[in-house]
Each structure stands twice: as C-alpha cells, then as structure tokens.
Amino acid sequence: MGRGHKGSSGMEKMREESPEPERGGCRRTCRFPLLLALLQLILGVAVAVVAFLKLSITSSLVARETPHWAGIILCLVSIVGLILYCITYHPDERSFLQYIVKLLYFILCTVGLVISLLVLAFAGHHYSQTSSFTCERTGPDCLCTMEPDDPIARSFTYQDVDDCAYLTGDLPLYFLIQIILNLAQALVCAAAVFIMWKNRYQVFFAGLQISSWERV
C-alpha cells in the first residue's frame, strides 16, 4: 500500500511539473515579443508622425529627411510580432506556422534594425546642418546658409515655408526627436533579434558545452 501511494503521488507530481517548461517557454517566446511588438508599433507611429510634421514645414524635404516610410515599415514588423504572440505556442517549434512566423519576424527585425540605423545616420547629419542654419526670406522661399559670412558657403533653398524661423527652430528639433526615436527603435529591434536567436540556438550550444565538460 505504501508503494502504491508513493507511485501515485509521483505520477501526480510529474503531471503537475510537466506543463511548467512549456508555460515558461511561452513566457519567454510569446509574452516578451508582445512587449517588443508594442514598442515597435508605438515608435514606428511616432517616427511617421514626426516625419509628416517636418513635411508640414516645407515641401522641399526629400525622402531621407522625412522617413515616414521607415515608421510604416516598422509598424508592419510590429504586426508580425503581434501575430506571433497570437499563435498557440508549441515547444521545439513543432508547428510549421509558428516556425515561419518566427523566422519572418526575425528577418524583419533585422531589416528594421538596419533601417533604423540608416535613418539615425541621416537624421544626425541633417541635424548638424540645420542647427547651424541662418535663414532669410527671398521672395516666397527661404534661403539658408551654414556660414553667412562665407560667400562660397553651401546654401539651401526651401519652398512653401510660412516663416523662416521654423527652419532654424522647429526643423532641428524634429531631427533631434527623430534621432532619439530611431535610436530607441534600433535598440528594440536588436533586442528582438537577440532574443529570437538565443531562444533558437544559444541554449542548444550551451547544452553541448556543459555535456562535454561533464564528460571530462
């Protein structure tokens, strides 16, 4: 009777303990990407909004100066992350749909990281230029120069500007905000790439290293 009681209690403990790794894995691979996807969505919308605000100042800004396209792409990346959260978790990626969505999210996060770094570089370059602008109105346009005392200094002409003060005040501020947003977006995408890679590969190689040391 004592052995039967111990056997049944052992089976109950195994049943209670067996689902824990799956739920723990779901916390690591489902809920944390939800946080990353929400951050990507918020930052992507913010990047697009700031880009459209810069377009409202003047229509002379080119695509690299108004990266609304980067915000839209990162919003699409976040949607894939939200889809990954909604998929039922299976350990060891037994579901083909789960594997495809995780792979797609990993690739898109890598692309989002590259895009964020590119936008960050462009925003930093244009911020250094606009922060030293001196602008004056020439008819319906505004003529801005970086060194007004230099007769051969490079000049920039901006059209459809209500007030030239927007180019020396609001425009550098928007570029600075763009730098901060894209830096945060790059960090979020890098964190997502690292977590997806670690969940897929690093634990496996760490297990091989531990087993080899135990054999020695």
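Predicted model only: the values in this text are computed from it and were never measured.

**Student:** In this structure, what is going on with the packing of aromatic side chains? I would like to understand it.
**Tutor:** Applying the stated criterion across every chain yields a total of 2 aromatic pairs. A ring pair is formed by phenylalanine 133 and phenylalanine 156, whose centres lie 5.2 Å apart and whose planes are at 40°; its orientation type is tilted. Highlighted residues: phenylalanine 133 in the loop between α4 (96–130) and β1 (134–138) and phenylalanine 156 in strand β3 (residues 155–158), separated in sequence by 23 residues. The same class applies to phenylalanine 133 as to phenylalanine 156, namely buried.

**Student:** What exactly am I supposed to notice about the nonpolar core here?
**Tutor:** Counting 35 residues, the largest nonpolar core has Tyr105, Tyr158 and Leu167 as the members making the most contacts within it. Among the elements of the structure, α2 (19–57), α3 (68–86), α4, β2 (141–145), β3 and α6 (170–215) are those that each provide at least two residues to this core. Ignoring sequence-local partners within four residues, the contact set of leucine 167 consists of Ile57, Thr58, Thr130, Phe133, Cys135, Cys142, Cys144, Tyr158, Val161 and Pro172.

**Student:** Can you help me understand the side chain of threonine 58 in this one?
**Tutor:** Summarising the element assignment, threonine 58 is placed in the loop between α2 and α3. A polar side-chain atom of threonine 58 sits 3.2 Å from the main-chain amide nitrogen of serine 60. A distance of 2.6 Å separates the side chain of threonine 58 from the backbone oxygen of glutamine 159, its partner in a polar contact. Residues in contact with threonine 58, not counting those within four places in the same chain, are Tyr158, Gln159, Asp160, Val161 and Leu167.

**Student:** Whenever I open this one, a nonpolar patch on the surface confuses me. Can you help?
**Tutor:** Taken together, the side chains of Phe96, Tyr99, Ile100, Leu103, Ile107 and Val111 define a hydrophobic patch exposed on the protein surface, amounting to about 540 Å² of accessible area. Within the secondary structure, valine 111 sits in helix α4.

**Student:** Got a minute to help me understand the pairing of β1 in this structure?
**Tutor:** Within a regular strand, the side chains alternate between the two sheet faces. Here β1 runs beside β2; their pairing, made up of 5 bridges, is antiparallel. Of the residues in β2, the one forming a bridge with threonine 138 is aspartate 141. Linkage of β1 to β2, two consecutive antiparallel strands, is achieved through a turn of 2 residues, within which glycine 139 is found at a positive phi near 75°.

**Student:** Honestly, the packing of α3 against α4 in this entry has me stumped. Any pointers?
**Tutor:** Between two packed helices, what matters for the description is the angle formed by their axes and the separation of those axes. It is the contact of α3 with α4, at a shortest axis distance of 9 Å, that shows an interaxial angle of 155°. Relative to α4, α3 is oriented roughly antiparallel. Handedness of the crossing formed by α3 with α4: left-handed. Here Trp69, Ala70, Ile73, Leu74, Val77, Val80, Gly81, Ile83 and Leu84 of α3 come into contact with α4, specifically with Gln98, Val101, Lys102, Leu104, Tyr105, Leu108, Cys109, Gly112, Ile115, Ser116 and Val119.

**Student:** I'm lost on the environment of serine 60 in this one. Help?
**Tutor:** Here serine 60 lies in the loop between α2 and α3. Excluding residues within four positions of it along the chain, serine 60 makes contact with Glu65, Thr157, Tyr158 and Gln159. Only 2.8 Å separates the side chain of serine 60 from the backbone nitrogen of glutamine 159, close enough to count as a polar contact.

**Student:** Looking at this model, I keep getting lost on the confidence of the model for the chain. Mind explaining?
**Tutor:** In this model, the chain carries a mean pLDDT of 75, and residues with pLDDT of at least 70 account for 70%. Low pLDDT (under 50) marks residues 11–30, which in the prediction has 13 contacts with non-local residues, meaning those over four places away or in another chain. Counted against residues more than four places away or in other chains, residues 203–216, with its pLDDT under 50, gives 1 contact.

**Student:** How should the sheet that holds β1 be read in this particular structure?
**Tutor:** Two orientations exist for strands paired in a sheet by backbone hydrogen bonds: parallel and antiparallel. The sheet built from 3 strands is open, its strands ordered β1-β2-β3 with antiparallel pairing. Edge positions in the open sheet fall to β1 and β3, since each of these has one partner strand only. Averaged over neighbouring strand pairs, the angle between their axes works out to 25° when direction is ignored.

Rules used throughout
- Residues numbered from 1 in each chain as written.
- Predicted model: local features only at pLDDT ≥ 70, side-chain atom pairs only at ≥ 80, totals over all residues.
- Heavy atoms only, no water.
- Phe/Tyr/Trp six-rings, centres within 6.5 Å; stacked < 30°, edge-to-face > 60°.
- Helix = DSSP H or I, 4+ residues; strand = E, 2+ residues; numbered from the N terminus.
- Buried < 20%, exposed > 50% of the residue type's maximum accessible area, 1.4 Å probe, protein only.
- Core = buried A, V, L, I, M, F, W, Y, C linked by side-chain atoms within 4.5 Å.
- Contact = heavy atoms within 4.5 Å.
- Polar contact = N/O pair within 3.5 Å; in protein donor to acceptor, adjacent residues only side chain to side chain.
- Patch = residues over 30% accessible without salt bridge, like charges linked within 9 Å, V, L, I, M, F, W, Y side chains within 5 Å.
- Areas by Shrake-Rupley, 256 points an atom, 1.4 Å probe, with all protein chains shown as cover.
- Salt bridge = Lys/Arg side-chain N within 4 Å of Asp/Glu carboxyl O.
- Pairing = 2+ DSSP bridges.
- Axes fitted to C-alpha atoms, helices over the stretch in contact; angles between N-to-C directions.
- Parallel < 35°, antiparallel > 145°, perpendicular 65-115°, else oblique.
- Left-handed = near helix turned anticlockwise from the far one by under 90°.
- pLDDT = per-residue confidence, 0-100.

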